[in-house]
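So you can see what is in the structure, the chains are spelled out below.
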Amino acid sequence: MLATHSAAVDLGFAEEILEEERWQLNSQYFPSKIGGYPAWLDLKDILGPESLACHICKEPCIFLLQLYAPGSRNSAFHRSVYLFCCHNVDCYSKPNDSSPFRVFRCQLAIANTFYPEVPPSLETPPSSFILPSDHGVTLCIVCGCKSTKTCAGCSRASYCCKAHQTIDWKNGHKQMCTTGQLPVCQYNVVSGILFPEFNLLCDEEPVGNDTNNGGDSLKIDDNASQLFDMVASNSQDHEAAGLESIARKETSEDKVFKAAKKRISREPTQVLRHQLAGSPLWLSEDHCAKEMDIPPCPYCNAARHFEFQVMPHLLSTMKVDRVGCSIDWATLVAYTCSESCSEGPAYKEEYIWKQDYSHKLLQL
């Protein structure tokens with residue numbers, strides 16, 4: 001269970017899913033998970049392609065992760081925050097731009113129309129699953145969001161958009177359509193659209209000694225020292241002032257980065273940090289969100305506060321940490337309504353802040 005007070009920091013870790021336990025990722029078990037299809041909390045008013053459209057290319061964003069984080073209000077007894085991102089790498093060319101990401105909050109009271117008040121057992125699979133189809137909702141077979149169209153040939157496969165129908169057609173539906181057989185394969189493998197699926201396990205951050213004990217931190221200090229040497233050797237040059245400015249900036253950035261790196265070293269494989277109403281761990285002094293940068297909740301006008309941040313280790317976990325143009329971040333910071341309001345749609349859009357590394361030396 002996630003902590004509900006700001007003093008505690010909970011860390012999220014990606015864990016391989018055992019096939020015999022995959023049923024536990026169904027919505028009625030309120031999972032925290034990475035990749036694959038979303039496990040929708042509200043099973044009726046599910047997000048469709050318009051709500052999930054990338055702000056740049058307008059294609060539907062793909063599910064990245066969800067965090068089950070119950071609130072203190074009765075109306076937020078069940079509460080999940082969902083993060084989506086665009087799969088088009090061209091949308092990530094602008095530094096510190098959160099346009100390819102979208103984040104949503106969904107919550108339910110303990111008494112609701114979808115789930116029983118008594119939590120299900122995790123010992124054995126249920127006799128039947130609680131599904132969106134129970135409420136008349138069909139999902140896109142490619143991405144798992146709300147569908148808007150059905151294959152005219154077989155009338156069985158549903159899609160959220162023409163682009164995803166084309167992907168499915170090329171990946172085998174062209175042959176299966178005539179036989180009436182829907183594919184049973186995992187689309188995160190076949191289509192290249194969805195991310196690999198993992199459990200997202202959370203545990204409290206251990207207490208650590210963050211004093212400087214050398215290692216990589218010393219290497220970063222050496223880089224800054226070299227910049228100062230450049231200034232000294234060119235003291236008579238007209239560029240000396242500019243070099244000194246760069247050296248000072250590098251040193252300041254190094255301090256922020258080293259402090260973050262020491263903190264992360266307590267648990268290097270962390271992919272998420274949760275600290276409700278706490279403070280994010282910035283990985284650079286550049287492009288750090290201030291209170292004035294975060295817009296209030298558009299549904300109740302309450303201030304938004306920090307909820308969680310996604311760490312760079314997730315990139316390597318998902319195998320998208322490629323050189324060149326690719327999905328990338330130093331950290332993604334999610335801010336949610338401080339009142340966990342019930343106003344507005346079932347899935348309420350919240351605010352995401354993206355911070356990139358400020359220079360090439362900052363590599364985890």
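A.B. asks: Please clarify how the sheet that holds strand β3 (residues 62-68) should be interpreted in this entry.
C.D. replies: In sheet architecture, strand pairing relies on hydrogen bonds along the backbone and comes in two forms, parallel and antiparallel. Read from one edge to the other, the open sheet built from 11 strands follows the order β12-β5-β4-β3-β2-β8-β1-β9-β10-β11-β13, with strand pairing classed as antiparallel. Of all the strands in the sheet, just β12 (348-349) and β13 (351-355) have a single pairing partner and so form its edges. Sheet topology places β3 next to strand β4 (residues 78-85); 6 bridges connect them, and they run antiparallel. Residue pairing across strands places Tyr-68 opposite Ser-80, the latter belonging to β4.

A.B. asks: Is there a simple way to explain the pattern of salt bridges in this structure?
C.D. replies: Two side chains with opposite charge may pair up if their charged atoms get near one another. Within this structure, the stated rule accounts for 12 salt bridges. The partner of Glu-205 in a salt bridge is Arg-266, and the shortest N-O contact between them spans 3.7 Å. With a gap of 61 residues between them, Glu-205 in the loop between β8 (198-204) and α3 (216-233) and Arg-266 in the loop between α4 (240-264) and β9 (272-274) connect regions that are remote in the sequence. Here Glu-205 falls in the buried class, since its relative accessible area comes to 9%. Taken together, the shared-partner salt bridges in this structure form one network comprising Glu-19, Arg-22, Lys-33 and Glu-197.

A.B. asks: Where do I start with the packing of aromatic side chains in this structure?
C.D. replies: By convention here, two paired aromatic rings are described through the distance between centres and the angle between planes. Applying the stated rule across the entire model yields 14 aromatic pairs. A centroid spacing of 5.3 Å and a plane angle of 85° characterise the contact between Trp-40 and Tyr-347, whose relative ring orientation is edge-to-face. Taken together, the residues span a long stretch of sequence, with Trp-40 in the loop between β2 (33-34) and β3 and Tyr-347 in the loop between β11 (331-337) and β12 at a distance of 307 residues. Of the two residues, Trp-40 and Tyr-347, both sit in the buried class.

A.B. asks: Before we go on, may I ask you to explain the pairing of β11 in this structure?
C.D. replies: Look at any regular strand and the pattern is simple: side chains alternate between the two faces of the sheet. For β11, a buried count of 7 out of 7 residues is recorded, marking the element as mostly surrounded by other parts of the structure. As defined by bridge partners, strand β10 (residues 304-310) adjoins β11 across 6 bridges and the pair is classed as antiparallel. The partner of His-305 across the bridge, within β11, is Thr-336.

A.B. asks: Looking at this structure, how should I read the side chain of Gln-275?
C.D. replies: Secondary-structure assignment places Gln-275 in the loop between β9 and β10. Of the polar contacts made by the side chain of Gln-275, one reaches the backbone nitrogen of Ser-279; its length is 3.0 Å.

Conventions and cut-offs
- Residues numbered from 1 in each chain as written.
- Predicted model: local features only at pLDDT ≥ 70, side-chain atom pairs only at ≥ 80, totals over all residues.
- Heavy atoms only, no water.
- Pairing = 2+ DSSP bridges.
- Helix = DSSP H or I, 4+ residues; strand = E, 2+ residues; numbered from the N terminus.
- Salt bridge = Lys/Arg side-chain N within 4 Å of Asp/Glu carboxyl O.
- Buried < 20%, exposed > 50% of the residue type's maximum accessible area, 1.4 Å probe, protein only.
- Phe/Tyr/Trp six-rings, centres within 6.5 Å; stacked < 30°, edge-to-face > 60°.
- Polar contact = N/O pair within 3.5 Å; in protein donor to acceptor, adjacent residues only side chain to side chain.

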